[in-house]
Amino acid sequence: SQSAKKKHSNLVTDKDPTLTWEIVNEIGDGAFGKVYKVRNKQSGILAAAKIVEKCTEEELDDYMIEIDILSECNHKNILKFYEAYFFDTKLWIIIEFCSGGAVDNIMFDLDKPLNEPQIQYIIRETLEALCYLHENCFVIHRDMKAGNILLAENGQVKLADFGVSAKNSSLIQRRYSFIGTPYWMSPEIIACETDKEMSYDYKTDIWSLGVTCIELAEKEPPHNELNPNRVMMKIRKSDSPKLKHPNQWSKNFQDFLTKCLNKNPDERLTARDLLKHPFIASYTGDEKPVKLLLGEKNADINVV
Ligand SMILES: COc1ccc(Nc2ncnc(-c3cccnc3Nc3cc(NC(=O)c4cccc(C(F)(F)F)c4)ccc3C)n2)cc1
């Protein structure tokens, strides 16, 4: 439509996406719509396409925040934006395809948590993405968890946001809205919902990263036995969560967790600081431990 074309530069409105992209299969079905693996008819390139049916102009404005964030992000550890179409009342958001899928699905398929080198590599790459989001894009992710960390076929780590909670926020202005998946929520983000004068900022992603480390080490986040509306009060009342069996893990890992899971956001380290922490800096390996993990997952599928 004319208004969509005029307003948004990242949006193709006068071309039918099915002329360029063919649907291979469905890979996800969320509240927002369906997600497909698609192939470019000219280049053969694979991609992931979120297709929102009957998208209204105001819904489009909301999705444009996501499209603008994705199109301005140019980093090896953030999903690469390809194209977006608004055609025949359907919105298509097309981004790079990661064949490994999300890390929580991989742990579920293999029915086992990750080992320390795999955690070090994945968290190092995720911290690089968070540094970029916080320092270059002034974006708070707000839904950091293993389900939003994708693996590409060569073991590359790509940060995603399927719930699309990531929002732009300038350095000074803090966020007052309330969002994210309860188990990974920081104490201050929960406080936001009760006493409004509280606010939170980038440090909320660091708490969620700490919870994600426990999730990678134990398959589930802390308090996962509680139902979602109980867990928020539990997080606010409880001390910082810890690993169930600390002596199975290095002192560096345990110390890294205490630096992420400080209940006071002002004392929590930044993503930039955490990249220098021994748990991360001492890991000089490449993506090999994660390529083995992907090998197991693929072998798993063949053997079944
Ligand atoms: C179940 O098996 C699989 C196998 C492979 C894959 N691979 C894959 N590769 C790429 N994308 C997806 C995907 C899956 C479900 C939903 N959305 C997906 N990607 C996607 C993500 C977005 N948006 C973001 O990731 C996003 C939005 C806002 C901010 C950010 C960030 F802050 F991270 F930059 C990221 C938009 C459109 C799409 C199609 N899935 C997934 C499941």
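Residues numbered from 1 in each chain as written. Predicted model: local features only at pLDDT ≥ 70, side-chain atom pairs only at ≥ 80, totals over all residues. Heavy atoms only, no water.

1. Here we look at helix H8 (residues 251-260)
Part 1 of the reasoning: Restricting attention to buried positions, one finds in H8 the residues Phe253, Phe256, Leu257 and Cys260. Buried residues of H8, seen end-on, are gathered within an arc of 100° and therefore sit on one face of the element.
Part 2 of the reasoning: Contacts made by the buried residues of H8 are with helix H4 (116-135), helix H6 (203-218), helix H9 (271-275) and helix H10 (278-281). (Buried < 20%, exposed > 50% of the residue type's maximum accessible area, 1.4 Å probe, protein only. Helix = DSSP H or I, 4+ residues; strand = E, 2+ residues; numbered from the N terminus. Arc of directions from axis to C-beta. Contact = heavy atoms within 4.5 Å.)

2. Regarding the packing of aromatic side chains
Part 1 of the reasoning: Throughout the structure, instances matching the rule amount to five aromatic pairs.
Part 2 of the reasoning: For the ring pair tyrosine 183 and tryptophan 184, a centre distance of 6.0 Å and an interplane angle of 90° mean the geometry is edge-to-face. The same class applies to tyrosine 183 and to tryptophan 184, which are both buried.
Part 3 of the reasoning: Residues tryptophan 249 and phenylalanine 253 carry aromatic rings whose centres are separated by 5.4 Å and whose planes lie at 75° to one another, so their mutual orientation is edge-to-face. A single burial state applies to tryptophan 249 and to phenylalanine 253, both of which are buried.
Part 4 of the reasoning: Over the ring of tryptophan 184 we find lysine 145, and its NZ or CZ is 5.4 Å from the ring centre. (Phe/Tyr/Trp six-rings, centres within 6.5 Å; stacked < 30°, edge-to-face > 60°. Lys NZ or Arg CZ within 6 Å of the ring centre and 35° of its normal.)

3. Remarks on the nonpolar core
Part 1 of the reasoning: Counting residues in each nonpolar core, the largest one holds 57 residues, and the members touching the most others are Ile119, Ile122, Ile123, Leu127, Leu216, Phe253 and Phe256.
Part 2 of the reasoning: No other element matches H4, which puts 10 residues into this core.
Part 3 of the reasoning: Among residues more than four places away in sequence, those in contact with isoleucine 119 are Leu114, Cys213, Leu216, Ala217, Trp249, Phe253 and Phe279.
Part 4 of the reasoning: Grouped together as the second largest cluster of nonpolar side chains are 22 residues, Met64, Ile67, Phe81 and Ile93 included. (Core = buried A, V, L, I, M, F, W, Y, C linked by side-chain atoms within 4.5 Å.)

4. Regarding the sheet that holds strand E3 (residues 46-52)
Part 1 of the reasoning: The strand order across the open sheet built from five strands is E1-E2-E3-E5-E4, with neighbouring strands paired in antiparallel fashion. This sheet does not close on itself; its edge strands, each paired only once, are strand E1 (21-30) and strand E4 (81-87). Recorded for the sheet is a direction-independent mean angle of 25° between the axes of neighbouring strands.
Part 2 of the reasoning: As paired elements, E3 and strand E5 (residues 90-96) share six bridges and run antiparallel to each other. From the neighbouring strand, isoleucine 51 faces E5, where its bridge partner is tryptophan 92.
Part 3 of the reasoning: Contacts from helix H2 (residues 57-72) reach E3, E4 and E5, with the element oriented near 15° to E5. (Pairing = 2+ DSSP bridges. Axes fitted to C-alpha atoms, helices over the stretch in contact; angles between N-to-C directions.)

5. Some remarks on the pairing of strand E2 (residues 33-40)
Part 1 of the reasoning: Taken together, the eight bridges between E1 and E2 define a ladder with antiparallel strand orientation. When the bridges of E2 are listed, glutamate 22 appears paired with arginine 39.
Part 2 of the reasoning: Sheet topology note: the E2/E3 ladder contains six bridges and is antiparallel. Looking at the pairing, tyrosine 36 lines up with alanine 49 of E3.

6. A short note on the sheet that holds strand E6 (residues 101-102)
Each strand in a sheet pairs with its neighbour through backbone hydrogen bonds, running either in the same direction (parallel) or in the opposite one (antiparallel).
Part 1 of the reasoning: Pairing within the open sheet is antiparallel, and its three strands lie in the order E6-E8-E9. Each edge of the sheet is formed by a strand with only one pairing partner; in this case those strands are E6 and strand E9 (157-159).
Part 2 of the reasoning: Pairing between strand E8 (residues 149-151) and E9: three bridges, direction antiparallel. Bridge pairing in E9 links leucine 151 to valine 157.

7. Focus: the site of the ligand
Part 1 of the reasoning: Within the structure, the ligand sits among 23 residues, and Glu66, Ile95, Glu96, Cys98 and Asp161 are positioned closest to it.
Part 2 of the reasoning: Backbone polar atom of cysteine 98 to a nitrogen atom of the ligand: 2.8 Å apart, as the coordinates give it.
Part 3 of the reasoning: At 3.0 Å, a backbone N or O of aspartate 161 approaches an oxygen atom of the ligand.
Part 4 of the reasoning: Out of a free accessible area of 830 Å², the ligand has 89% covered by protein chains.
Part 5 of the reasoning: Taken together, the elements giving at least two residues each to the shell around the ligand come down to E3, H2 and E5.
Part 6 of the reasoning: Residues of the shell around the ligand, tallied by class, amount to 17 nonpolar, two polar and four charged. (Near = heavy atom within 4 Å. Polar contact = N/O pair within 3.5 Å; in protein donor to acceptor, adjacent residues only side chain to side chain. Areas by Shrake-Rupley, 256 points an atom, 1.4 Å probe, with all protein chains shown as cover. Nonpolar A, V, L, I, M, F, W, Y, C, P; charged D, E, K, R; others polar.)

8. Thoughts on the confidence of the model for the chain
Part 1 of the reasoning: The predicted model of the chain has a mean per-residue pLDDT of 89, with 88% of residues at 70 or higher.
Part 2 of the reasoning: For the stretch residues 169-178, pLDDT sits under 50, and the model shows 30 contacts to residues farther than four places along the chain or on other chains.
Part 3 of the reasoning: Under the prediction, the complex receives an ipTM of 0.98, its pTM being 0.90. (pLDDT = per-residue confidence, 0-100.)

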